[in-house]
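So the chains spell out like this:
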Amino acid sequence: MKKIEAVIKPFRLNAVKDGLTALGVQGMTISEVRGFGRQKGHQEIYRGAEYEVDLIPKVKIEVVVEDEQLGQVMGAIQRNAQTGKIGDGKIFVSPIDDAMRIRTGESGSNAL
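Scope of this entry: the structure provided in the associated data block. Just so we're clear, the structure is a prediction, and the values are computed from it rather than from any experiment.

Let us now look at the overall build of the protein. Within the protein, the secondary structure is distributed over two helices and six strands. Seen in sequence order, the protein has helices and strands lined up from the N terminus as β-α-β-β-β-β-α-β. Scaling as 2.2 N^0.38, a compact globule of 112 residues should have a C-alpha radius of gyration of about 13 Å, whereas the protein reaches 17 Å, well beyond that. C-alpha extents for the protein along the principal axes are approximately 60 × 25 × 20 Å. Expressed as a percentage of its 112 residues, the buried residues of the protein come to 28%. Look at the contacts in the protein between residues 6 or more apart in sequence, and 71% of them connect residues 24 or more apart. Carbon and sulfur atoms form 50% of the exposed surface of the protein, whose accessible area is close to 7500 Å². Side chains of the protein give 16 positive and 15 negative charges; the mean places of these two sets differ by 5 Å.

Oppositely charged side chains can form a pair if their charged atoms are brought close together. The full count for this structure, using the stated rule, is four salt bridges. Taking the shortest distance from any N to any O, the salt bridge between Lys3 and Glu62 comes out at 3.0 Å. Here the residue Lys3 occupies a position in strand β1 (residues 2-8), and Glu62 occupies one in strand β5 (residues 56-65), the gap between them amounting to 59 residues. One salt bridge in this structure joins Lys60 and Glu5, with 2.9 Å as the shortest N-O distance. With a gap of 55 residues between them, Lys60 in strand β5 and Glu5 in strand β1 connect regions that are remote in the sequence. Taking relative accessible area as the criterion, Glu5 reaches 17% and is therefore assigned buried.

Parameters and conventions
- Residues numbered from 1 in each chain as written.
- Predicted model: local features only at pLDDT ≥ 70, side-chain atom pairs only at ≥ 80, totals over all residues.
- Heavy atoms only, no water.
- Helix = DSSP H or I, 4+ residues; strand = E, 2+ residues; numbered from the N terminus.
- Rg over C-alpha atoms; globule rule 2.2 N^0.38 Å.
- Buried < 20%, exposed > 50% of the residue type's maximum accessible area, 1.4 Å probe, protein only.
- Contact = heavy atoms within 4.5 Å.
- Areas by Shrake-Rupley, 256 points an atom, 1.4 Å probe, with all protein chains shown as cover.
- Lys, Arg positive; Asp, Glu negative; His and termini not counted.
- Charge placed at Lys NZ, Arg CZ, Asp CG, Glu CD.
- Salt bridge = Lys/Arg side-chain N within 4 Å of Asp/Glu carboxyl O.

So, in structure tokens, the structure goes:
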């Protein structure tokens, strides 16, 4: 099993969620996060005063999938999150040794 963490622009969330649902991904965790990458934030003007916004709002999606689904899921996230502009986000993949569904006690891939 693999855990996929994707940090994307908030307005792309519905497209990514729909793409993952179409692949049969049954569960995901969504978090509102803030951070910066290469763009290092940006300048904004509020009531005539200019100020630096160094932490950009993003959305973090976490899903755990079977090893065989990894390529398809990463592709779906990349296609649906991409705008072609800086700050589109990143995808991180980590191995998962085991999982357990609390309600039933099922473990391994049955818990997904």
